[in-house]
Protein chains: 2
Amino acid sequence: MSGSGQEPDDASAPGAPPAPARRRGRPARAAAETGPGARERILAAARAEFAERGYDKTSVRGIAKAAGVDAALVHHYFGTKEQVFAAAIELTFAPALTMPDALAGGGADVGERMARFMFGVWENPVSRPALLAIMRSALTNDKAAAVLRGLIERRMLQRVAGELDVPDPEFRAQLAAGHLIGIAMLRYVIKMDPVASADTEEIIAMVAPALQRYLTQP
Amino acid sequence: MSGSGQEPDDASAPGAPPAPARRRGRPARAAAETGPGARERILAAARAEFAERGYDKTSVRGIAKAAGVDAALVHHYFGTKEQVFAAAIELTFAPALTMPDALAGGGADVGERMARFMFGVWENPVSRPALLAIMRSALTNDKAAAVLRGLIERRMLQRVAGELDVPDPEFRAQLAAGHLIGIAMLRYVIKMDPVASADTEEIIAMVAPALQRYLTQP
């Protein structure tokens, strides 16, 4: 973060070999493109583009333009559009991915904690549009659905299941998660009253016992 | 359904006023366009177009072309694109709209009947793609979401709620429906195992008690 536009790694060895491949052919723009924060700018741009346009209409070229870098740099850092999407939703999902920690240890209120966690993420005005965008992309594109599936499975449900002392813990964790996903669909996507305008505490009070049963009842 | 291409209503009064507005200006195509079945052909085409392209990319012009009629006839029968969509999803939803009848009378197995009903519709290879298309449209377009909301609300949940002997019956009916919608998202959209490949009986056995509680427990 020196502000000089020179990457520290490149400046460290006088007489070192030529700059890395990603700089070749566009020296004039190299500093802006690969300077500190380029990767983060690309990710932020990807997140915004996917959220606004959906998976199908978003291009690596468009992401690069929004981030002020060359498309080749996006490929260099992330690979294909599918991989850029995976990195962008992993960033978006970061708060949601802490759910297994929130549920660790189980207990008589684990169902309530799970419901409370879900609403904490969805009621947040920053994360809600991003979550909606991800659901939209998954519904309209199979590759996007596969990326989302992998993320939820590996990073969330397998870890939640590991905490549960019930038969078929993954199946149980998915039924509980499915319940919450459906409530989110009604409240935030279809926006159907009374669920859409109900107090979250009122919903939690009704839903928690159903989750508790999935997560703990033998 | 005489097959003559002449609408019975128009033929009933000799010396009657000129033919209805929809025929004016294209007499040569009138028979094919307004003959018996034109309305049904338009609806079938609309259903297929919305399912294949989603709400945003479907046009009244495209629907008319697929049905072999003039776009003006589509407007004449249905009005705006939003109204064509409403008619098309009402047709698609026809089997689902019988759910209130299936739940009438409540009883100790009403939760199980609701779950069984949902899987009956979703496991059907004809109705599943249409349901997926509707969810996709609702997720990507606010007008489509409003149409779906109106249909589920007026034609399904209000009637289910009318059958329930619990406090806040609409809220309860929505929580139960939301649970099933979420399971459908996991199984048919995100396709996450084990829920995606589990036997439906196995899922019904787990989910029915949760639904039963929403629908009957005071």
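What counts, and at which threshold
Residues numbered from 1 in each chain as written. Chains lettered and ligands numbered in written order. Predicted model: local features only at pLDDT ≥ 70, side-chain atom pairs only at ≥ 80, totals over all residues. Heavy atoms only, no water. Core = buried A, V, L, I, M, F, W, Y, C linked by side-chain atoms within 4.5 Å. Buried < 20%, exposed > 50% of the residue type's maximum accessible area, 1.4 Å probe, protein only. Contact = heavy atoms within 4.5 Å. Helix = DSSP H or I, 4+ residues; strand = E, 2+ residues; numbered from the N terminus. Polar contact = N/O pair within 3.5 Å; in protein donor to acceptor, adjacent residues only side chain to side chain. Buried area = accessible area lost by both parts, 1.4 Å probe. Salt bridge = Lys/Arg side-chain N within 4 Å of Asp/Glu carboxyl O. Nonpolar A, V, L, I, M, F, W, Y, C, P; charged D, E, K, R; others polar. Domains from an automatic or database assignment. Least-squares fit on C-alpha atoms with pLDDT ≥ 70 in both. pLDDT = per-residue confidence, 0-100. UniProt positions renumbered as here; feature names shortened; annotations may be inferred. Axes fitted to C-alpha atoms, helices over the stretch in contact; angles between N-to-C directions. Parallel < 35°, antiparallel > 145°, perpendicular 65-115°, else oblique. Left-handed = near helix turned anticlockwise from the far one by under 90°.

A. A look at the nonpolar core. If you look at the biggest cluster of nonpolar residues, it comprises 149 residues, and the most contacted ones within it are F93 of chain A together with F93 of chain B. Apart from residues lying up to four places away in sequence, F93 of chain A is in contact with L131, I134, L148, L151, I152 and M156 of chain A.

B. Region of interest: the environment of N141 of chain B. All names here are of chain B. Examined against the element boundaries, N141 turns out to sit in the loop between helix 9 (127-140) and helix 10 (142-163). A sequence separation of 86 residues divides N141 from Y55, and the C-alpha atoms of the two residues are 7.0 Å apart. Contact partners of N141, with chain neighbours within four places excluded, come to Y55 and D56. Separated by 2.7 Å, the side chains of N141 and D56 make a polar contact. A polar contact of 3.1 Å, which involves the side chain of N141, links it to the backbone nitrogen of A144.

C. Up close: the interface of chain A and chain B. Taken together, the 41 residues of chain A in the interface contact 41 residues of chain B. It is L139, F171 and M206 of chain A in chain A that bury the most area against chain B; as a group they hold 19% of the surface buried on that side. One can count zero salt bridges joining chain A with chain B. Inspection of the chain A/chain B interface yields ten residue pairs in polar contact (both at pLDDT 80 or more). Of all elements in the fold, only helix 9 (127-140), helix 10 (142-163), helix 11 (169-189) and helix 12 (200-216) of chain A reach the threshold of two or more residues within the side of chain A that touches chain B. With 13 residues, the top contributor of residues to the side of chain A that touches chain B is helix 11 of chain A. Grouping the amino acids of the side of chain A that touches chain B by side-chain chemistry returns 26 nonpolar, five polar and ten charged.

D. Quick look at the domain arrangement of chain A. All names here are of chain A. Partitioning chain A into structural domains gives domain 1 (29-81) and domain 2 (96-216). Domain 1 puts six residues into the contact, and the matching count from domain 2 is eight residues. Here domain 1 packs against domain 2, burying approximately 510 Å² in sum over the two surfaces, 52% of which is carbon and sulfur. Where domain 1 touches domain 2, the interface holds zero salt bridges.

E. Quick look at the relation of the copies chain A and chain B. For these two chains of identical sequence, chain A goes onto chain B by a turn of 180° and a shift of 0.0 Å along the axis, with RMSD 0.1 Å. Overall, the copies show the geometry of a two-fold rotation axis. Closest to the rotation axis within chain A is the C-alpha of G182 of chain A, separated from it by 1.8 Å. When the interface residues of chain A are mapped onto chain B, 100% of them are again interface residues, pointing to one common binding face.

F. Spatial organisation of the confidence of the model for chain A. All names here are of chain A. Mean pLDDT over chain A: 81, with 83% of residues reaching 70 or higher. For chain A, per-element mean pLDDT is lowest for helix 1 (residues 8-11), which scores 38, and highest for helix 12, which scores 96. This model gives residues 1-28 a pLDDT under 50, and the stretch forms 19 contacts once residues within four places in sequence are excluded.

G. Layout of the pattern of salt bridges. Within this structure, the stated rule accounts for 18 salt bridges over all chains. Note that R53 of chain B and E49 of chain B form a salt bridge whose closest N and O atoms lie 2.9 Å from each other. Taken together, the residues R53 of chain B and E49 of chain B, both in helix 3 (residues 38-57) and four residues apart, mark about one turn of the helix. The exposure class of R53 of chain B is partly exposed, given its relative accessible area of 43%. One salt bridge connects D101 of chain B with R159 of chain B, and the closest N-O pair in it is separated by 2.8 Å. In this pair, D101 of chain B sits in helix 7 (residues 99-103) while R159 of chain B sits in helix 10, placing the two residues 58 residues apart along the sequence. Overlapping salt bridges, with partners in common, bring together E112, R116 and E201 of chain A in one network.

H. Molecular detail of the UniProt feature "DNA-binding region" (unreviewed entry) in chain A. Under the UniProt annotation, "DNA-binding region" (unreviewed entry) lies at residues 59-78 of chain A. As annotated, residues 59-78 of chain A has a helix share of 80% and a strand share of 0%, and its two end C-alpha atoms lie 13 Å apart.

I. How the structure looks around the environment of P218 of chain A. Residues and elements named next belong to chain A. Looking at where P218 falls in the secondary structure, it is placed in the segment after helix 12. A relative accessible area of 80% places P218 in the exposed class. As a C-alpha pair, P218 and E40 span 178 residues in sequence and 45 Å in three-dimensional space.

J. The arrangement of the side chain of T58 of chain A in detail. Residue and element names in this part refer to chain A. Among the secondary structure elements, T58 is positioned in the loop between helix 3 (38-57) and helix 4 (60-67). Take T58: its relative accessible area is 2%, and that puts it in the buried class. A polar side-chain atom of T58 sits 3.2 Å from the main-chain carbonyl oxygen of E49. Leaving out residues up to four positions away in the same chain, T58 has contacts with E49, F50, R53, I63 and K81.

K. A look at the packing of helix 3 of chain A against helix 4 of chain A. Residues and elements named next belong to chain A. The N-to-C vectors of helix 3 and helix 4 enclose an angle of 125°; their axes lie 8 Å apart at closest approach. The orientation of helix 3 relative to helix 4 falls into the category oblique. Helix 4 is crossed by helix 3, and the crossing has right-handed handedness. Across from R41, I42, A45, A46, E49 and F50 in helix 3, the residues of helix 4 making contact are G62, I63, A66 and A67. Looking at the contact of helix 3 with helix 4 residue by residue, the classes come out as seven nonpolar, one polar and two charged.

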